[in-house]
Every structure is written in structure tokens, then in C-alpha cells.
Amino acid sequence: EIVMTQSPAILSLSPGERATLSCRASHSVRGNLAWYQQKPGQPPRLLIFGASNRATGLPARFSASGSGTEFTLTIASLQSEDFAIYYCQQYHEWPGTFGQGTKVDFK
Amino acid sequence: EVQLVESGGGLVQPGRSLRLSCSASGFTYGFTFEDFAMYWVRQRPGKGLEWVSGISRNSGKIVYADSVKGRFTISRDNANKSLYLHMTSLMTEDTGLYFCSKETLGYSETSGIGHWGQGTLVTVSS
């Protein structure tokens, strides 16, 4: 199975700062990658699919890029509601493996 | 708005079985349950997301994570808009919140998971 590795594990930032999250795949997944946000007590929420396509209603401060094995999620200017855990997931092949997550918390 | 509601979780002893169900509703734009690939994803307490199993629209493609292969069986009933997960030989490490989830786009297996239920908690303990 394809192993997904996210970095960093924890990202400590202040509101208004830029957040850059990375995700690496052990094998090429082409553009078959999604990003999710999860807050405590809630199910995950799809942010990005197809490596760079924003889900319906996602604010423009969220952007994503990458293909093959290297992917990035950027939050241009952190808002208070963005402090959460972010997961990447490849669905190039099943099982559709997830990364271990990056927690974005308050500095 | 699509709603996915899981049921069937609970406390079970190691080695026993449990069957999870997921009822789907609220499909729009001419799509129905049978137009979407479906998934079970779990989250162990305090841990990350783990893809457990996926099933294609017509059940022709079914895949399991290595951690559950041979013990869990996924199935779907398109007429009744339901997804199931039959879990046998349960182990303590199967404890977690099990999410029923749905492909984002119809007729696709390459658009991510666009809808999630709230999850049903499975606790395996003696």
C-alpha cells in the first residue's frame, strides 16, 4: 500500500500568519490526493480534491498544489476557525491511505 | 444535503462480532445512493484517520485495509440506500469511531470523500 507522510506533525502559528503543510507519498499518486480538516468532536471535512481543486464553499485563503509524490496545502492567513488537524489522503489506489495528520495550533 | 447515519456500534468482547449499518439520504441533482462509491474509515481514540474498506457502486470492487482483511466484510444495499460493515474476530485494536463516508462525485472513485457521518463508536474490551 502507498504510505503517506505529513510534516510537520505540529505547526504552531498565530492568527494572520501563513501556514504551509506538506504531504509526501511513497509512490506516485499523480493528482489523486485530497486534504481534510478535522476539529474536535467532528467528522473530517473535505477541503481539496484532485490535489488542487477546492471543495464547494471553501474560502479562497486555502490553496493546494502538487502532483506525483509531493503535495502542499497553504492557508494564506490563518483565521481562528482554521486551527485544527489536517490530513492528506491518496485515492490513486485502494486502500486510500491517509497521512498521520498535521495539527495547526496557536503559538 | 446528503446525510449519512451510522448505527450498530457498542461494547463487545474480544473475538466477538458486530455489524455496523449506515443509512443514506438527501441525495440531489438526480443522483442516488447507487451512483457513489462508499467507504468505512475509522479513528482510534486520540489517533488519526484509517481507511478500513471501500466498495464500488455495484459492489464489483471491494478492498480492505490489511489490518482488517479476512475479518471484516463490507456490503451495500442500493435499493435501501444502506452500507454495512460486518466485523468478526474483533480485537482491542479495533476500538474506535467508525465513519460511514461517500465519494464526493458520482460515478467516480477519484474525487475524495465528500460526505461523512458522525460515526459510531466501537469498543472492544473484556
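Residues numbered from 1 in each chain as written. Chains lettered and ligands numbered in written order. Predicted model: local features only at pLDDT ≥ 70, side-chain atom pairs only at ≥ 80, totals over all residues. Heavy atoms only, no water.

## Here's the deal with the sheet that holds strand β3 (residues 19–25) of chain A
Sheet strands associate in pairs through backbone hydrogen bonding, adopting either a parallel or an antiparallel arrangement. Residues and elements named next belong to chain A. The condition that has to hold: Paired strands, as defined in this entry, are two strands with at least two bridges between them according to DSSP. Each helix is a run of H or I in the DSSP string that is no shorter than four residues. Each strand is a run of E no shorter than two, and both are numbered from the N terminus. Between N-to-C directions, angles cover 0 to 180 degrees, with each direction set by a line fitted to C-alpha atoms, over the stretch in contact for helices.
The strand order β1-β3-β8-β7 describes an open sheet built from 4 strands, whose pairing is antiparallel. Across the chains shown, the open sheet's two edge strands, defined by having one partner strand only, are β1 (4–7) and β7 (62–67). Pairwise comparison of adjacent strand axes, ignoring direction, gives a mean angle of 15° for this sheet. Here β1 pairs with β3 via 4 bridges, running antiparallel. Bridge pairing links threonine 5 to arginine 24 in β3.

## Focus: the sheet that holds strand β3 (residues 18–25) of chain B
Residues and elements named next belong to chain B. Here 4 strands make up an open sheet; going across it, the order is β1-β3-β8-β7 and the pairing antiparallel. For this open sheet the edge positions go to β1 (3–7) and β7 (72–77), each flanked by a neighbour on one side alone. Recorded for the sheet is a direction-independent mean angle of 15° between the axes of neighbouring strands.

## Quick word on the environment of Ala65(B)
Tracing the sequence through the fold places Ala65(B) in the loop between β6 (62–64) and β7. With 30 residues separating them along the chain, Ala65(B) and Asp35(B) place their C-alpha atoms 23 Å apart.

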